Amino acid sequence: MIFKIAFKNVWRNKVRSMIVIISVTLGLTGGIFAVSIITGMMEQKVRMDINNETSHIQIHHPQFLKNFESQYSIPDADSIAGMISKWSDVKAVCTRIRITGMAASPNSVAGVQIMGVDPLQEKKVSDLYATIPDTGGGYFTGTRKNQIVIGRKLADKLKVRLKSKIVIRFQNTDGNLAEAAFSVNGIFRTANTVFDETNVFIKKSDLNPLMEGENESQEIAVILKDIDKIPVAETLLKSRLPGLDIRNWIELRPEMGLITSAIAIEVYIILGIILFALAFGIVNTMMMIVFERTRELGMLMAVGMSKSRVFRMIMLETVFLTLIGGIIGMILGAALTGFFHRTGIDLSSLSKGLGAYGFDAKIYPFISRELYINLTVMIFCTGILSAIMPARKALKLKPVEAIRIE
Amino acid sequence: MTNDLIYNDLRLMTNINGMNIIEIRNLTKVYDAKTIPVYALNGVDLAFREGEFTCIVGPSGSGKTTMLNLVGGLDSPTGGEIVIDNTDITGLKSRMLIDFRLRNIGFVFQSFNLIPVLTAKENVEFIMQLQGVNKEQRDKRTLELLDSVGLSDKINVRPNKLSGGQQQRVAVARALASKPKFILADEPTANLDSKSAENLLEIMEILNREENITFIFSTHDPRVVAKARRVITLEDGKIVGDISKN
């Protein structure tokens, strides 16, 4: 009955209750949408980094990541990759030559990271091929030798186009300077302009002869079927390959791990501030309700309703008021997020700035199920916390005085 | 007649007619005790027996409402004892007093004080729910009570759709719902027109006569006084009259 009375009481003053409900609804809808944009941006950034750059896990020679020297290759990399690819949690594995060097055109020169890849293997691990627009050529199409795939930003810098020649220079594993001319086969365009400016892709089969080593690889990249399996896979790899440096994407890009963690906290801070502000409105309304119903509350206590029941009744009313607005807000927030998750939000006007930080100009808002569950708990807690002051006020009423108040 | 004489007289009557359900001994209530003391009740001795239909009368400020509040356990006295069914309620802690009220005392207020969001049936049933009575018994008793106050056709109607008289009858049914030892009614007819007041008094009189329910009223209303079988007159916090009719 307390439950029933509390619920019915919410609708006693419909206008006032609706104002509170609408304010909670709008606050949460806005909050959820803002948070979904932030998390969507981060989610895209992380996915892009994993798919285009880091993969889930990378394996290197223990000395390689210190100076990126090509002499520190992985012994028997193809056998290791073959072994890893058979694991059930692994989606795809590829081996790469990774060296630093120079890219030169008749117009300009740029320092680049040269990635020697097997296009077929690479396509299973990296989505880079998908970032080549229709007008940007292909991803090692045809059988011609010495093809190169570069980023749009680098192409602009070197002032080259499709089929233009670029000379690549680097120090091979013997320490000698190696160079060769490559024809631009594709020009990719990721959201990360820095990546586009500093990475070039060449077929391993074209690069190997220049390396003067024996089919060496400096990097093994692993993509798992489920990102949550990273810790398990990482532990397994470390136990199987004790002499190699095994790092997950967060270890490879610690700044991304930091930003992701910071954003995760910020999201809760944003929602917490919104709920805290809404709580004041709810407390105010509930205090008004207690003042208005003083006589009724006095009567309830007079006829034998215990203080704990009175407390519970006020508490329930507040929680109902908050939850109704909260749930509607969550549904609207989810609908808005879902809609823009499908269509995307085009921020092309900010693409230069976003691209410099590696963010896509089209944002797909996203909110995790975990955040929704936590938000429900937060709304529920807001309701309970907002109820404490009015409920305490109700408890302080003396029935003998309360029943006489007009 | 002094208070002691009244009390002795009532004790004698108790021995003859059965148990006192309320015994009040030297009851005192002083307001602003630290500054200028105002004696709302001043050493009152009184007893009520089961089945009484008593009204307490007196001018404004005589202590009628204070007396009802103290007997109902809504207020605490400055001195004295109120023994209800062998329990001195003046010594009970707040939580126990609330439970005591729930199980032993029925209240009818001047301004009805029904829960506006509940129907007549739910208002009556609510008290039994607080007592933990099961649904089947609740439903049965609620319908019986609303029938006994002539509102069996209004069970699903909310208070705002009932007249003042009907609301007060629901309040009487609610007061009876907990099977209290007695019902305290503070000026129950004050907000009613004469027809509704007559009707309400008639119902309460029938309940008293046929079901031996004890009613104690405070009132200014001569119609209530006329119906009462015992009239206690208070003045300046003291009993100045206690007349029992045959």
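Residues numbered from 1 in each chain as written. Chains lettered and ligands numbered in written order. Predicted model: local features only at pLDDT ≥ 70, side-chain atom pairs only at ≥ 80, totals over all residues. Heavy atoms only, no water.

1. What about helix α12 (residues 294-302) of chain A?
Residue and element names in this part refer to chain A.
Working step 1: Counted residue by residue, α12 has 8 buried out of 9 residues, so it is predominantly covered.
Working step 2: Burial in α12 covers these residues: Thr 294, Glu 296, Leu 297, Gly 298, Met 299, Leu 300, Met 301 and Ala 302.
Working step 3: The first or second residue beyond α12 is Gly 304, which carries a positive phi of 120 degrees. (Buried < 20%, exposed > 50% of the residue type's maximum accessible area, 1.4 Å probe, protein only. Helix = DSSP H or I, 4+ residues; strand = E, 2+ residues; numbered from the N terminus.)

2. So, the packing of helix α6 (residues 164-177) of chain B against helix α7 (residues 194-211) of chain B
All names here are of chain B.
Working step 1: Where α6 meets α7, the closest approach of the two axes is 9 Å, and the angle between their N-to-C directions is 20 degrees. Comparing their axes, α7 and α6 come out roughly parallel. Between α6 and α7 lies a crossing whose hand is right-handed. Where α6 approaches α7, its residues Gly 165, Gln 168, Arg 169, Val 172 and Leu 176 are matched on the opposing element by Ser 196, Asn 199, Leu 200, Ile 203, Met 204 and Leu 207.
Working step 2: Broken down by class, the residue content of the contact of α6 with α7 amounts to 6 nonpolar, 4 polar and 1 charged. (Axes fitted to C-alpha atoms, helices over the stretch in contact; angles between N-to-C directions. Parallel < 35°, antiparallel > 145°, perpendicular 65-115°, else oblique. Left-handed = near helix turned anticlockwise from the far one by under 90°. Contact = heavy atoms within 4.5 Å. Nonpolar A, V, L, I, M, F, W, Y, C, P; charged D, E, K, R; others polar.)

3. Concerning the interface of chain B and chain A
Working step 1: Across the boundary between the two partners, chain B contributes 26 residues, which contact 22 residues of chain A.
Working step 2: When chain B packs against chain A, close to 2200 Å² is buried across both sides, 64% of that on carbon and sulfur atoms.
Working step 3: Its largest share of buried area at the contact with chain A, chain B owes to B:Ile98, B:Val117 and B:Leu130, together 23% of the area lost on that side.
Working step 4: Here chain B and chain A share 2 salt bridges between them.
Working step 5: In this structure, the salt-bridge partner of B:Glu122 is A:Lys8, at a minimum N-O distance of 3.4 Å.
Working step 6: Between chain B and chain A we count 7 residue pairs in polar contact (both at pLDDT 80 or more) in total.
Working step 7: Looking at the side of chain B that touches chain A, the elements that each hand over two or more residues are α2 (64-71), α3 (94-104) and α4 (120-131) of chain B.
Working step 8: Looking at the side of chain B that touches chain A element by element, the count peaks at 6 residues for α4(B).
Working step 9: The class makeup of the residues in the side of chain B that touches chain A is 13 nonpolar, 6 polar and 7 charged. (Buried area = accessible area lost by both parts, 1.4 Å probe. Salt bridge = Lys/Arg side-chain N within 4 Å of Asp/Glu carboxyl O. Polar contact = N/O pair within 3.5 Å; in protein donor to acceptor, adjacent residues only side chain to side chain.)

4. Here's the deal with the sheet that holds strand β6 (residues 105-108) of chain B
All names here are of chain B.
Working step 1: The strand order across the open sheet formed by 6 strands is β6-β7-β8-β3-β9-β10, and the pairing between neighbours is mixed. Each edge of the open sheet is held by one strand with a lone partner, namely β6 and β10 (238-244). Averaged over all pairs of adjacent strands, the angle between strand axes in this sheet comes to 20 degrees, irrespective of strand direction.
Working step 2: Of the pairings in the sheet, the one linking strand β9 (residues 230-235) to β10 comprises 6 bridges and is antiparallel in character. Bridge pairing in β10 links Glu 235 to Lys 238.
Working step 3: Those strands touched by α6 are β6 and β7 (182-186), and its axis lies near 170 degrees from that of β6. (Pairing = 2+ DSSP bridges.)

5. Here we look at the packing of aromatic side chains
All names here are of chain A.
Working step 1: For the structure shown, the criterion picks out 16 aromatic pairs over all chains.
Working step 2: The interplanar angle of 70 degrees and the centroid separation of 6.3 Å between the aromatic rings of Phe 7 and Trp 11 together place this pair among those described as edge-to-face.
Working step 3: Ring geometry for Tyr 129 against Tyr 139: centres 6.2 Å apart, planes inclined by 55 degrees, an arrangement best described as tilted. Of this pair, Tyr 129 sits in the loop between α5 (119-125) and β4 (147-151) while Tyr 139 sits in the loop between α5 and β4, placing them 10 residues apart in sequence.
Working step 4: Its relative accessible area of 33% is what places Tyr 129 among the partly exposed residues.
Working step 5: Looking at Tyr 139, the relative accessible area reads 9%, which means it is buried.
Working step 6: A network of ring pairs unites the aromatic residues Phe 3, Phe 7, Trp 11 and Phe 320 as a single cluster. (Phe/Tyr/Trp six-rings, centres within 6.5 Å; stacked < 30°, edge-to-face > 60°.)

Function-wise, these values are silent; they only describe arrangement.
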